[in-house]
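Each chain, letter by letter, is given below.
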Amino acid sequence: MPTDVHQHLWPPAFVALLRDRGVPPRLDGWTLELPGEPPYPVDPADHDVAARVRLARADGLDRALVSLSSPLGIEYLPPEEAAPLLAAFHDGALALPAPFGVWASVCLAVPEPDTDGLRRELRRGCVGLQLPATALLDATGWTRCAPLLDVLTALDKPLFVHPGAAPPAEGAAPAWWPALVPYVQQMHASWFAFRAFGRPRHPDLRVCFAALAGLAPLHGERLVARGGGGERGRVDPGAFYETSSYGTRAVDALVRAVGIDVVVSGSDRPYARPVIPDLGAEAAVHALRTVNPARLLGPSKGVRP
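Definitions and limits used
- Residues numbered from 1 in each chain as written.
- Predicted model: local features only at pLDDT ≥ 70, side-chain atom pairs only at ≥ 80, totals over all residues.
- Heavy atoms only, no water.
- Helix = DSSP H or I, 4+ residues; strand = E, 2+ residues; numbered from the N terminus.
- Rg over C-alpha atoms; globule rule 2.2 N^0.38 Å.
- Buried < 20%, exposed > 50% of the residue type's maximum accessible area, 1.4 Å probe, protein only.
- Contact = heavy atoms within 4.5 Å.
- Areas by Shrake-Rupley, 256 points an atom, 1.4 Å probe, with all protein chains shown as cover.
- Pairing = 2+ DSSP bridges.
- Core = buried A, V, L, I, M, F, W, Y, C linked by side-chain atoms within 4.5 Å.
- Axes fitted to C-alpha atoms, helices over the stretch in contact; angles between N-to-C directions.
- Parallel < 35°, antiparallel > 145°, perpendicular 65-115°, else oblique.
- Left-handed = near helix turned anticlockwise from the far one by under 90°.
- Nonpolar A, V, L, I, M, F, W, Y, C, P; charged D, E, K, R; others polar.
- Arc of directions from axis to C-beta.
- Phe/Tyr/Trp six-rings, centres within 6.5 Å; stacked < 30°, edge-to-face > 60°.
- Lys NZ or Arg CZ within 6 Å of the ring centre and 35° of its normal.
- Salt bridge = Lys/Arg side-chain N within 4 Å of Asp/Glu carboxyl O.

Draft legend 1. Up close: the overall build of the chain. Check the secondary structure of the chain and you find 11 helices and 11 strands. A globule of 305 residues ought to have a C-alpha radius of gyration of about 19 Å, and the chain, at 18 Å, matches this closely. Burial statistics for the chain: of 305 residues in total, 50% are counted as buried. Expressed as a percentage of contacts within the chain between residues at least 6 apart in sequence, the contacts between residues at least 24 apart total 77%. As presented, the chain carries roughly 13,500 Å² of accessible surface, and 56% of it is formed by carbon and sulfur atoms.

Take a look at the structure:
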């Protein structure tokens, strides 16, 4: 099943709730307003279900996994604000036709993670859990989210780490700034925090980092040089890297660092278009689009490095 593990598609009820809000995150017509980013004009066709089905088929996909876009910051809204948005997203996304599947999301602005709610969405059909990288930047974050990750392990479901909300920039910044600076920094930090704190606590968890984890694995030599341990050629078979917004050079470099078996194809549609990297063999593309996503999504045969 050729698979894109990273897309976004807003169900109509979710769009309506964003328009009802008086403060960001909100939609003013089709203009998205977020606290840390300039106003973003949304193309209505990007969230037209029939149009997106045709686009997925044109991309040759049998499966396209959609998620709540974590830069919206909905996971960190007060529970009374987050709950209806999360319900509208899950209900609408789970009702989407083939080839769409869904990553679950949870409210993080609560004293204790809602593990019962996560179990419910996974049993309804969500393929796994998406968390914002901002929730997993350090030992405290991985500890706080541990109950959710225990649910994933118990139900043999993966975690998808996605960039979270960007902090407001001080002074003028170009429109591309959030995607190239805070998003990449978040992914970089969450990957190192996973290596230091997440993997020891969750040895059997399958986890996928969006945007090639901000290219963090390419710093392996520096990690060893600065006392971070590790050994050349040792790969965590349960840590996957999604390709959105990167092309042949970056994907090739990451494959050299972690091997091809843990790299999976993702596009971040509608914010970016899919790129099929030229890795020199059709088998490599088959691995990224079909074989590796199947391993990520399970069932697991054990992922201990």
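There is more to say after this.
Draft legend 2. Expanded view of the pairing of strand S5 (residues 63-66). As paired elements, strand S1 (residues 3-7) and S5 share three bridges and run parallel to each other. Looking across to S5, one finds that glutamine 7 is bridged to valine 66. In terms of strand pairing, S5 meets strand S6 (residues 100-104) through three bridges, oriented parallel. Bridged to leucine 65 within S6 is glycine 101.

Draft legend 3. View of the sheet that holds strand S7 (residues 128-132). Overall, parallel pairing links the eight strands, which are arranged S1-S5-S6-S7-S8-S9-S10-S11 in an open sheet. Two strands lie at the open edges of the sheet, namely S1 and strand S11 (263-264), each paired on one side alone.

Draft legend 4. Region of interest: the nonpolar core. By size, the foremost hydrophobic cluster in this structure holds 81 residues, and its most contacted members are Phe14, Leu131, Leu159 and Tyr241. Looking at this core element by element, the count peaks at six residues for helix H3 (residues 79-94). Excluding its chain neighbours within four sequence positions, the residues that come into contact with tyrosine 241 are Trp191, Cys208, Phe209, Leu212, Ala213, Pro217, Leu254, Val258, Val262, Val263 and Val264.

Draft legend 5. Summary view of the packing of helix H1 (residues 12-20) against H3. Close contact between H1 and H3 brings their axes to 7 Å; oriented N to C, the two are set at 155°. With respect to H3, the axis of H1 lies roughly antiparallel. In this structure, the crossing between H1 and H3 has a hand that is left-handed. The segment H1 lies against H3, with Ala13, Phe14, Leu17 and Leu18 engaging Pro84, Leu85, Ala88 and Phe89. Its residues assigned to classes, the contact of H1 with H3 shows eight nonpolar, no polar and no charged.

Draft legend 6. Structural detail: H1. The complete set of buried residues in H1 reads Phe14, Val15 and Leu18. Down the axis of H1, the sector holding all buried residues measures 100°, keeping them to one side. Turned more than 90 degrees away from the buried face of H1 sit Pro12 and Asp20, all of them exposed. The elements touched by buried residues of H1 are strand S2 (26-28) and H3.

Draft legend 7. Quick look at the packing of aromatic side chains. In the structure shown here, the tally under the stated rule is nine aromatic pairs. With centroids separated by 5.5 Å and ring planes inclined at 45°, the aromatic side chains of tryptophan 142 and phenylalanine 194 adopt a geometry described as tilted. Of the two residues, tryptophan 142 sits in helix H5 (residues 139-144) while phenylalanine 194 sits in helix H8 (residues 182-201), which places them 52 residues apart along the sequence. Residue class for tryptophan 142 comes out buried when judged on its relative accessible area of 2%. Members of the aromatic cluster, connected to one another through ring pairs, are Trp142, Phe194, Phe209 and Tyr241. Across from the ring centre of tryptophan 30, 4.5 Å away, lies the NZ or CZ of arginine 19, which sits over that ring.

Draft legend 8. Region of interest: the sheet that holds strand S3 (residues 31-34). The three strands lie next to each other as S2-S3-S4, forming an open sheet whose pairing is antiparallel. The outermost strands of the open sheet, each flanked by one partner alone, are S2 and strand S4 (37-41). Within the sheet, the average angular offset between the axes of one strand and its neighbour, ignoring direction, is 25°. Bridge analysis of S2 against S3 gives three bridges, and the strand direction is antiparallel. Looking at S3, one finds that leucine 27 is bridged to leucine 32.

Draft legend 9. Here's a closer look at the pattern of salt bridges. Summed over all chains, the structure comprises 11 salt bridges. For glutamate 121, the salt bridge identified is with arginine 120, shortest N-O distance 3.6 Å. On the basis of relative accessible area, glutamate 121 is assigned to the buried category, the value being 7%. The class of arginine 120 is partly exposed, set by a relative accessible area of 47%. For the salt bridge of glutamate 121 with arginine 124, the shortest nitrogen-to-oxygen distance reads 2.9 Å. Linking glutamate 121 with arginine 124, this pair stays in helix H4 (residues 115-124), spanning three residues, or about one helical turn. Relative accessible area serves as the criterion here: at 42%, arginine 124 is assigned to the partly exposed category.

Draft legend 10. Quick peek at the environment of alanine 109. Along the polypeptide, alanine 109 turns up in the loop between S6 and H4. Along the chain, alanine 109 and glutamate 80 lie 29 residues apart, while their C-alpha atoms are 10 Å from each other. Among residues more than four places away in sequence, those in contact with alanine 109 are Glu75, Tyr76, Leu77 and Pro79.

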